[in-house]
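Read off the chains here:
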Amino acid sequence: MKNILVALDFKTETGKLVDTAQEYSRAFNAKIWLIHAVAPNPDFVGFEAGPQSVRDNRAEEIKEEHKEITNWSNQLVNEGHEAEGLMIQGATVDTILEEAKKLEAELIIIGHHEHSAMYKLLIGSRDTELIKKSSIPVLIVPLD
C-alpha cells in the first residue's frame, strides 16, 4: 500500500481520523492524502449566490478549512509521515472517488456519524453512498 486517502469534514474528531491514518501509514509506509471536498459555488449549480455577506462568510469558512487541512498535513509531516492536504471543490462522494483514483489510493478512510432515521431518509448517508460506489477498500472510523 502506497497511498491512503483520508476524507475530512472538520465537523468532529478530525484527530481520530488522522490518528487512524497514521497507524496505517506506519504499518504500510504509505503516504497520507488528507482531502476535504468543498461544496460547489451556488452559481455553479444554478442558484444565485445571495448577498455579499453570504459570499464573504463562505469565503471565510473556506479560508479556515484550508488553514486547518494545512495544519493537519504539516503536523503529519513533522511527525515523520509523508503527507499532503488537498481541498477540492465538488460533490463530496464523487470528488473523493475521483481524487482517490487520481492519487492511486489503495485505502480510503472516512468517519461515520450516527444520524436519525429521519435525517437518513431526507439527506441520505454519504458514507453509505461512498461504500456502494467505491472499488477501493473503505475503512469506516466511528466518530460518535
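Structure: above.
Residues numbered from 1 in each chain as written. Predicted model: local features only at pLDDT ≥ 70, side-chain atom pairs only at ≥ 80, totals over all residues. Heavy atoms only, no water.

## Concerning the environment of Ile69
(1) Moving on: Take Ile69: it is sitting in helix H2 (residues 52–78).
(2) Moving on: Put simply, Ile69 and Leu8 are 61 residues apart on the chain and 8.4 Å apart in space, counted from C-alpha to C-alpha.
(3) Moving on: Setting aside anything within four residues of it in sequence, one finds Ile69 in contact with Leu8, Phe10, Leu34, Ile35, His36, Gly85, Leu86 and Met87. (Helix = DSSP H or I, 4+ residues; strand = E, 2+ residues; numbered from the N terminus. Contact = heavy atoms within 4.5 Å.)

## A closer look at the packing of aromatic side chains
(1) Moving on: A full pass over the atoms with the stated rule returns one aromatic pair.
(2) Moving on: Ring geometry for Tyr24 against Phe28: centres 6.4 Å apart, planes inclined by 15°, an arrangement best described as stacked. Of the two residues, Tyr24 and Phe28 are both situated in helix H1 (residues 14–28); the distance of four residues between them amounts to about one turn of the helix.
(3) Moving on: Overall, the relative accessible area of 28% leaves Tyr24 in the partly exposed class.
(4) Moving on: The exposure class assigned to Phe28 is partly exposed, which follows from its relative accessible area of 40%. (Phe/Tyr/Trp six-rings, centres within 6.5 Å; stacked < 30°, edge-to-face > 60°. Buried < 20%, exposed > 50% of the residue type's maximum accessible area, 1.4 Å probe, protein only.)

## Notes on the nonpolar core
(1) Moving on: By size, the foremost hydrophobic cluster in this structure holds 18 residues, and its most contacted members are Val6, Leu8, Leu17, Ile32, Leu34 and Ile109.
(2) Moving on: When residues of this core are traced back to their parent elements, those giving at least two are strand E1 (3–7), H1, strand E2 (31–38), H2 and strand E4 (107–112).
(3) Moving on: With near-sequence residues (within four places) excluded, Leu8 lies in contact with Thr14, Leu17, Leu34, Ile35, His36 and Ile69.
(4) Moving on: Listed in part, the 15 residues of the second largest apolar core include Ala7, Trp33, Ile88 and Ile108. (Core = buried A, V, L, I, M, F, W, Y, C linked by side-chain atoms within 4.5 Å.)

## Here we look at unusual backbone geometry
(1) Moving on: Phi at Asn29 is positive, roughly 50°, even though this residue is not glycine.
(2) Moving on: As for its position among the elements, Asn29 is in the loop between H1 and E2.
(3) Moving on: You can call Asn29 exposed: its relative accessible area is 71%.

## Considering the packing of helix H3 (residues 92–102) against helix H5 (residues 126–133)
(1) Moving on: Their axes nearest at 9 Å, the elements H3 and H5 cross at an angle of 40°. What the angle tells us is that H3 and H5 run oblique. Viewed along their axes, H3 and H5 form a crossing whose handedness is right-handed. In this structure, H3 uses Thr92, Val93, Asp94, Ile96 and Leu97 to contact H5, whose residues at the interface are Arg126, Glu129, Leu130 and Lys133.
(2) Moving on: Counted by class, the contact of H3 with H5 contains four nonpolar, one polar and four charged residues. (Axes fitted to C-alpha atoms, helices over the stretch in contact; angles between N-to-C directions. Parallel < 35°, antiparallel > 145°, perpendicular 65-115°, else oblique. Left-handed = near helix turned anticlockwise from the far one by under 90°. Nonpolar A, V, L, I, M, F, W, Y, C, P; charged D, E, K, R; others polar.)

## Section: the sheet that holds E1
(1) Moving on: With respect to topology, five strands assemble into an open sheet ordered E3-E2-E1-E4-E5, the strand pairing being parallel. Each edge of the sheet is formed by a strand with only one pairing partner; in this case those strands are strand E3 (83–89) and strand E5 (138–142). Taking the axes of each pair of neighbouring strands and ignoring which way they run, one obtains an average angle of 25° across the sheet.
(2) Moving on: Both E2 and E3 contribute to a ladder of seven bridges, which runs parallel. Across the sheet, the residue bridging to His36 is Met87, located in E3. (Pairing = 2+ DSSP bridges.)

## Focus: the pattern of salt bridges
(1) Moving on: This model, assessed by the stated rule, comprises five salt bridges.
(2) Moving on: Note that Lys31 and Glu82 form a salt bridge whose closest N and O atoms lie 3.9 Å from each other. Placement of the pair is Lys31 in strand E2 and Glu82 in the loop between H2 and E3, with a sequence separation of 51 residues.
(3) Moving on: Classification of Glu82 by relative accessible area gives exposed; the value is 52%.
(4) Moving on: Between Lys133 and Glu129 there is a salt bridge, and its shortest N-O distance comes to 3.1 Å. (Salt bridge = Lys/Arg side-chain N within 4 Å of Asp/Glu carboxyl O.)

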